[in-house]
Number of protein chains: 2
Amino acid sequence: MAEGDLREHFPFIKKYSRLLDILSDKDLASLGDAYINFVYSLALSKVAGKPIGRKLDSNTLSLALKRAGIRALLPQRTDKHKQADATEALMIFGWLSGAISIEETVSILTKEGDLVDNISAILKLILERIKIP
Amino acid sequence: MAEGDLREHFPFIKKYSRLLDILSDKDLASLGDAYINFVYSLALSKVAGKPIGRKLDSNTLSLALKRAGIRALLPQRTDKHKQADATEALMIFGWLSGAISIEETVSILTKEGDLVDNISAILKLILERIKIP
């Protein structure tokens with residue numbers, strides 16, 4: 001999708017004024033789940049040189065949140081599943097708001113090294129770019 | 001992802017020389033499943049004015065294949081699940097090959113009327129544009 005057109009299609013992203021609103025939004029996490037499975041599958045396909053469809057597990061997603069320093073913003077008793085939801089919500093918010101493209105996301109996901117580090121790098125990049133307190 | 005760059009990232013799409021190769025490729029269907037759940041969720045989100053994540057059922061996908069006149073190309077005893085796989089494979093092939101964008105796909109999915117008709121229209125459009133025998 002052409003980045004410039006995104007905001008027109010999804011005006012609801014304007015309602016998020018605080019980072020915590022994004023991280024704790026279950027609906028956003030639900031859309032983010034579909035998004036993240038797609039970009040992760042694209043990344044695996046690019047590396048393998050053949051199409052692959054696979055889901056990312058909650059553990060990887062919650063670890064990435066912690067490593068990006070974002071987990072500390074959530075209430076202390078937030079469980080792993082909700083931490084993974086927060087990663088999904090921030091990932092799709094980054095895309096919907098035009099802060100990051102699918103191409104850049106796939107490009108970072110396919111970098112050598114640890115998958116958790118790569119997702120964490122994406123989260124930090126989105127955080128820098130969306131400028132939401 | 002910028003359309004022009006797609007072919008570079010996924011050179012494996014060049015190996016499909018016949019439509020039947022695409023329709024019966026399980027790996028392509030697996031990546032297509034992630035893709036279709038994402039674009040369908042985007043379409044629902046656009047219409048609802050809030051983020052939604054949902055999966056498309058096999059029945060809808062297999063009906064769309066039939067309505068687009070493509071089901072007849074598959075062996076007669078192909079079951080519903082494999083018909084749905086064929087829809088998923090063709091949808092993602094259309095995107096990977098640059099025949100259709102996420103934006104155009106979402107725009108057709110959100111047209112008023114029957115969802116099966118809308119998916120069928122997308123399949124026919126891809127078929128026209130990819131020019132694979």
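Up top is the structure these notes are about.
Residues numbered from 1 in each chain as written. Chains lettered and ligands numbered in written order. Predicted model: local features only at pLDDT ≥ 70, side-chain atom pairs only at ≥ 80, totals over all residues.

### Digging into the overall build of chain A
Phase 1: Across its full length, chain A holds seven helices and zero strands.
Phase 2: A globule of 133 residues ought to have a C-alpha radius of gyration of about 14 Å, and chain A, at 14 Å, matches this closely.
Phase 3: Considered along the principal axes of its C-alpha atoms, chain A spans approximately 40 × 35 × 25 Å.
Phase 4: The proportion of buried residues among the 133 residues of chain A is 42%. (Helix = DSSP H or I, 4+ residues; strand = E, 2+ residues; numbered from the N terminus. Rg over C-alpha atoms; globule rule 2.2 N^0.38 Å. Buried ≥ 20, exposed ≤ 12 C-beta atoms within 10 Å, placed from the backbone.)

### Examining the relation of the copies chain B and chain A
Phase 1: When chain B is brought onto chain A, the operation consists of a screw motion whose angular component is 180 degrees and whose axial shift is 0.0 Å, with 0.0 Å RMSD remaining. Seen this way, the second copy is the image of the first under a two-fold rotation axis. (Least-squares fit on C-alpha atoms with pLDDT ≥ 70 in both.)

### Side note on the interface of chain B and chain A
Phase 1: On the side of chain A, 26 residues touch chain B, which itself brings 26 residues to the contact.
Phase 2: If you list the elements that add at least two residues to the side of chain B that touches chain A, you get helix H3 (26-48) and helix H6 (102-109) of chain B.
Phase 3: If one sorts the elements of the side of chain B that touches chain A by residue count, H3(B) sits on top with 12 residues. (Contact = placed C-beta atoms within 7 Å.)

### A word on the nonpolar core
Phase 1: Judged by nonpolar contacts, the single largest core of 76 residues is most densely connected at Tyr35(A) and Tyr35(B).
Phase 2: Excluding its chain neighbours within four sequence positions, the residues that come into contact with Tyr35(A) are Met91(A), Ile92(A), Trp95(A) and Phe38(B). (Core = buried A, V, L, I, M, F, W, Y, C linked by C-beta atoms within 7 Å.)

### What about H6(B)?
Residue and element names in this part refer to chain B.
Phase 1: Considered for burial, the residues of H6 that qualify are Thr105, Val106 and Leu109. Projection of H6 onto a plane perpendicular to its axis shows the buried side chains occupying an angular sector of 95 degrees, all on one side.
Phase 2: Its buried side turned inward, H6 meets H3 and helix H7 (115-130). (Arc of directions from axis to C-beta.)

### A short note on unusual backbone geometry
Residue and element names in this part refer to chain A.
Phase 1: One non-glycine residue with positive phi stands out, namely lysine 131, at about 50 degrees.
Phase 2: Structurally, lysine 131 is set in the segment after helix H7 (115-130).
Phase 3: The exposure class assigned to lysine 131 is exposed, which follows from the 8 C-beta atoms found within 10 Å.

### Brief notes about the packing of H3(B) against helix H5 (residues 80-96) of chain B
All names here are of chain B.
Phase 1: Relative to each other, H3 and H5 sit at 75 degrees, their axes nearing to 7 Å. By the criterion of interaxial angle, the relationship of H3 to H5 is roughly perpendicular. Contact residues: H3 offers Lys26, Leu28, Ala29, Leu31, Gly32, Asp33, Tyr35 and Ile36, while H5 offers Asp85, Glu88, Ala89, Met91, Ile92, Phe93 and Trp95.
Phase 2: Considering only residue class, the contact of H3 with H5 consists of 10 nonpolar, one polar and four charged. (Axes fitted to C-alpha atoms, helices over the stretch in contact; angles between N-to-C directions. Parallel < 35°, antiparallel > 145°, perpendicular 65-115°, else oblique. Nonpolar A, V, L, I, M, F, W, Y, C, P; charged D, E, K, R; others polar.)

Just distances and angles here, no functional claims.
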